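Listed below are the residues making up each chain.
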Amino acid sequence: MSTGTATATSAASTTTLSPITSTTIVVTTTSTMSTSTATATSSASTTALSPTTSTTIVTTTTGTMSTSSAAETSSASTNTLSVVTSTAILMTTTDTMSTSTAGLPPYLDIQPGTIVGVWNTFAGDNNTLAIAGTTGAGTYFTDQTPANLIDHSLGTRYSSRGSPGFGNNSLAGLNTGFYATVAQCQPTLEGFRLGNSYPYSDREPLTVTVEGTNCDDLVNCVNWSLLYNGSTGLYIQMNNLAYGDYQSIFNTISYKSYRFLITSKRSISVFVSYGEIQLFGYSTQTSTSQNETSSNTSLVIQSGSVEALWNTFAGGMSYIATENSSGAGTYYIGQGPTNLFDNKTTSKYTSRGNSSSGSNAIAGLNTGFHVTIARCQPTLSQFRFATGDTGAERDPIMITVEGTNCLTLINCTSWTLLYNDTSGLENVLDRSTYGSYKSIPSPQSFASYRFLVTSKRNATNSIFVSYSEVELYGY
Ligand SMILES: [Ca+2]
Ligand SMILES: [Ca+2]
């Protein structure tokens, strides 16, 4: 699959190149080719160069390149020299343009928590999931996880070993990649950019397949539609952290999730590494939309994302509560926060908070939960609570609601306070009963939300804070 046909167009004069010229370099891949074939075309002479000559263009203009093209020799000619000159300028202009997205479609956001590494995986086939590890086939570098691709930092990489799983070789990292789900509703992918892995340029992926799917179960999904088979946009080796060139995808079909699989790399290396993935396209909804409040729908929470909290305060870190029969920082056995989302007012979430036992003023306060909204509906605009089936003294009365886009909620300190008011249960003494709908004053798009209870009905005496349901609405 390491096939490639590169066509580079450049101006003949070193003085007339513009940044736009640098973005006109396009590499496409055809599956019928067995070796890389590059053709460089000068606008002045329209001189086609041989494959080996054009490889020399890249090698020559990146003086610090280590080994990637060392084995390839050039049939030196006068044509080679002229193109070398213009390509050197192309690289310079690419340097200065590498972060601009002017003229590109809008970003599509990857839903935090949905990006998963794969290995030994081929377009059209099922996934083989990769895991973090220090060595071995099917692992990625322990601290260089797929989540690093969407942390907005070029300097943090995703580094896959693939097979055989150790050592410096031509196979390492090939047929690895990731899948991920887009946050916006009905997204249509029109293009992408990859961040490079400078100073480990030997690891950089050169060709990739991109597929789309609407499978709900991505782990076992085999229904992948091939959308792209071509360059990663990283064909020019850079001497700094940078994005590769934007690669457009001819696609008009909406898919919820996408899979990227690396099919070739720059050189012999220990890993395939890249720093970021950016997706571009359009959707029926932008994540910052503020004008759809009239069409509130029930928000779907991401499976497994609800976690119990205690000793947690608005603006601070979350502290995870555990299930136990007694003790501070615990919730009642069988009464965890997933009970809040089972559509049954007969099942409840019951927290002790800082109280190790007994009825007192602090029991259950500063407890709550955080939760991530499933794809496509990231703006919380309304909610309502329901009372538990017993113990009116335990009802939450005052609460805070915060939002965040942190990738890892447990260490997150970037919480935006959205609501600090009543739970809607203040006038509801009946058991297993919904309170009033409460509105977020200024709804914003966030991947995850945190609800914390700051007061309860009986301010001096209860064993717990307890409630049976929390419904989330938004758009
Ligand atoms: Ca990164
Ligand atoms: Ca329930």
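Use the structure listed above.
Our subject in this report is the structure included herewith. Within each chain, residues carry numbers counting from 1 in the order of the written sequence. Labels are handed out in written order, letters beginning with A for the chains and numbers beginning with 1 for the ligands. In keeping with the predicted nature of the model, local features appear solely for residues at pLDDT of at least 70, side-chain atom pairs appear and are counted solely at 80 or more, and the whole-chain, interface and lining totals rest on all residues. Side-chain metrics rest on all non-hydrogen atoms present in the structure, leaving aside hydrogens and water.

In DSSP terms, a helix is any run of H or I states spanning at least four residues, a strand is any run of E spanning at least two, and both are numbered starting from the N terminus. Along its length, the protein carries three helices and 28 strands. Each residue gets one of three labels from its accessible area relative to the maximum for its type: buried under 20%, exposed over 50%, partly exposed in between, using a 1.4 Å probe on protein chains only. By residue count, 52% of the 475 residues in the protein fall in the buried class. Accessible surface for the protein amounts to roughly 19400 Å². Of this, 54% is attributable to carbon and sulfur atoms. Where accessible areas are quoted, they stem from the Shrake-Rupley method and a 1.4 Å probe; at the residue level, only the protein chains shown are allowed to cover.

Further remarks concern the sheet that holds strand S27 (residues 448-456). Sheet architecture is open: five strands sit in the order S18-S22-S27-S24-S25, paired in antiparallel fashion. With partners counted over all chains shown, the strands left at the sheet margins are strand S18 (307-309) and strand S25 (416-422), one partner each. Pairs of neighbouring strands in the sheet enclose a mean axial angle of 20 degrees, with direction left out of account. Here a strand pair is declared whenever DSSP counts at least two bridges between the two strands. Across six bridges, strand S22 (residues 367-372) lies against S27 in antiparallel orientation. With axes taken as lines fitted to C-alpha atoms, and helix axes fitted only over the stretch in contact, angles between N-to-C directions fall between 0 and 180 degrees.

Turning next to the coordination of the calcium ion (ligand 2). Surrounding the calcium ion (ligand 2) are the protein donor atoms Asn339 (O), Asp342 (OD), Lys344 (O), Ser347 (O), Ser347 (OG), Ser468 (O) and Glu469 (OE), at 2.2 to 2.6 Å. Taken in chain order, the donor set of the calcium ion (ligand 2) reads N-x2-D-x1-K-x2-S-x120-S-E. Taken together, the residues span a long stretch of sequence, with aspartate 342 in the loop between strand S20 (330-331) and strand S21 (349-351) and serine 468 in strand S28 (residues 465-474) at a distance of 126 residues. Since its relative accessible area comes to 24%, aspartate 342 is described here as partly exposed. Since its relative accessible area comes to 0%, serine 468 is described here as buried. Each metal site is built from N, O and S donor atoms within 2.8 Å (3.2 Å for Na, K and Ca), and since water is not included, such sites may look incomplete.

On to the environment of lysine 344. Along the chain, lysine 344 falls in the loop between S20 and S21. Each C-alpha atom, one on lysine 344 and one on serine 468, is 7.2 Å from the other, the two residues being 124 residues apart in sequence. Contacts between residues were defined by any pair of non-hydrogen atoms, one from each residue, lying within 4.5 Å. If near-sequence neighbours (up to four positions away) are discounted, lysine 344 is found in contact with Asn339, Ser468 and Glu469.

Here we take up the coordination of the calcium ion (ligand 1). Ligation of the calcium ion (ligand 1) by protein atoms is provided by Asn148 (O), Asp151 (OD), Ser153 (O), Thr156 (O), Thr156 (OG1), Gly275 (O) and Glu276 (OE), these donors lying 2.2 to 2.5 Å from the ion. Donor residues for the calcium ion (ligand 1) sit on one chain with the sequence pattern N-x2-D-x1-S-x2-T-x118-G-E. Of this pair, serine 153 sits in the loop between strand S7 (139-141) and strand S8 (158-160) while glycine 275 is found in the loop between strand S15 (272-274) and strand S16 (277-282), placing the two residues 122 residues apart along the sequence. Judged by relative accessible area, which is 0%, glycine 275 ranks as buried.

If you trace the four strands from one edge of the open sheet to the other, you get S4-S16-S10-S13, paired in antiparallel fashion. Looking at the sheet topology across the chains shown, the edges are occupied by strand S4 (107-108) and strand S13 (247-248). Pairing analysis gives two bridges linking S4 to S16, with the strands arranged antiparallel. The residue bridging tyrosine 107 from the neighbouring strand is phenylalanine 280, located in S16.

This part covers the packing of aromatic side chains. Aromatic pairing here means that ring centres of Phe, Tyr or Trp (its six-membered ring) are within 6.5 Å. Orientation follows from the plane angle: under 30 degrees is stacked, over 60 is edge-to-face, and everything else is tilted. Applying the stated criterion across every chain yields a total of 23 aromatic pairs. On the numbers, 5.8 Å between centres and 70 degrees between planes, the contact of tyrosine 349 with tyrosine 467 is edge-to-face. Here tyrosine 349 is found in strand S21, whereas its partner tyrosine 467 is found in strand S28, with 118 residues between them in sequence. Chaining the aromatic ring pairs together yields one cluster made of Tyr331, Phe341, Tyr349, Phe369, Phe383, Phe385, Tyr419, Phe451 and Tyr467. Its end group placed over the ring of tyrosine 200, arginine 203 keeps NZ or CZ at 4.0 Å from the ring centre. Cation placement over rings: the criterion is NZ of Lys or CZ of Arg within 6 Å of the ring centroid and within 35° of the ring normal.

In the sections that follow, a salt bridge refers to a side-chain nitrogen of Lys or Arg positioned within 4 Å of a carboxyl oxygen of Asp or Glu. Under the defined criterion, the tally for this structure stands at nine salt bridges. In this structure, aspartate 216 engages lysine 256 in a salt bridge whose closest nitrogen and oxygen atoms are separated by 3.1 Å. Of this pair, aspartate 216 sits in the loop between strand S11 (205-213) and strand S12 (225-231) while lysine 256 sits in the loop between S13 and strand S14 (257-265), and the two are 40 residues apart along the sequence. Note on aspartate 216: relative accessible area 62%, which makes it exposed.

Turning to the environment of glutamine 247, a few remarks are in order. Positionally, glutamine 247 belongs in strand S13. Accessibility expressed as a relative area gives 4% for glutamine 247, which makes it buried. C-alpha separation for the pair glutamine 247 and phenylalanine 192, spaced 55 residues apart in sequence, amounts to 5.5 Å. At 3.2 Å, the side chain of glutamine 247 forms a polar contact with the backbone oxygen of aspartate 245. Contacts described as polar in this section are N or O atom pairs within 3.5 Å, which, within protein, must combine one atom able to donate a hydrogen with one able to accept it, while residues neighboring in sequence count only if both atoms come from side chains.

Remember that side chains alternate between the two faces of the sheet whenever the strand is regular. Counted residue by residue, S11 has eight buried out of nine residues, so it is predominantly covered. Both S11 and S14 contribute to a ladder of eight bridges, which runs antiparallel. Its bridge partner being in S14, glycine 212 is matched across the sheet by tyrosine 258. Where S11 lies against S12, six bridges are found, and the strand directions are antiparallel. Across the sheet, valine 210 pairs through a bridge with tyrosine 228, a residue of S12.

Attention now goes to the side chain of arginine 157. Mapped onto the secondary structure, arginine 157 falls in the loop between S7 and S8. Discounting chain neighbours no more than four positions away, the residues touching arginine 157 are Gln144, Thr145, Asn148, Ser197, Tyr198, Tyr200, Arg203, Ser273, Tyr274 and Gly275.

It is worth spelling out the layout of surface pockets at this point. Grid points spaced at 1 Å and placed over the protein atoms alone form the basis of the search, with a cavity being a set where a 1.4 Å probe fits but cannot get out and a pocket an open set showing protein on both sides within 12 Å along at least five of seven lines. Lining residues have an atom within 4 Å of a point. Grid points are joined across faces, edges and corners, and a volume is the space filled by probe spheres set on the points. Considered as a void within the structure, the second largest pocket measures approximately 580 Å³ in volume. Lining the second largest pocket are 24 residues, and of these Asp109, Ile110, Pro112, Ile150 and His152 sit closest to its centre. Those elements that place two or more of their residues in the lining of the second largest pocket are S4 and S16. Just so you know the grouping, Ala, Val, Leu, Ile, Met, Phe, Trp, Tyr, Cys and Pro go in nonpolar, Asp, Glu, Lys and Arg go in charged, and all remaining residues, Gly too, go in polar. Of the residues belonging to the lining of the second largest pocket, the class tally is 14 nonpolar, seven polar and three charged. The start and end points of each domain follow an automatic or database-based domain assignment. Per-domain counts for the lining of the second largest pocket show at least three residues from each of domain 2 (107-282) and domain 3 (293-474).

This paragraph deals with the state of the cysteines. Two cysteines whose sulfur atoms are joined by a covalent bond form what is called a disulfide. Count a disulfide wherever a pair of cysteine sulfur atoms falls within 2.5 Å. Considering all chains together, one arrives at two disulfides under this definition. Note on cysteine connectivity: cysteine 215 is disulfide-linked to cysteine 221, with sulfurs 2.1 Å apart. The S-S bond linking cysteine 215 to cysteine 221 shows a torsion near 65 degrees; that makes this disulfide right-handed. Exposure remark for cysteine 215: the relative accessible area of 18% places this residue in the buried category. By relative accessible area, which is 2% here, cysteine 221 ends up buried.

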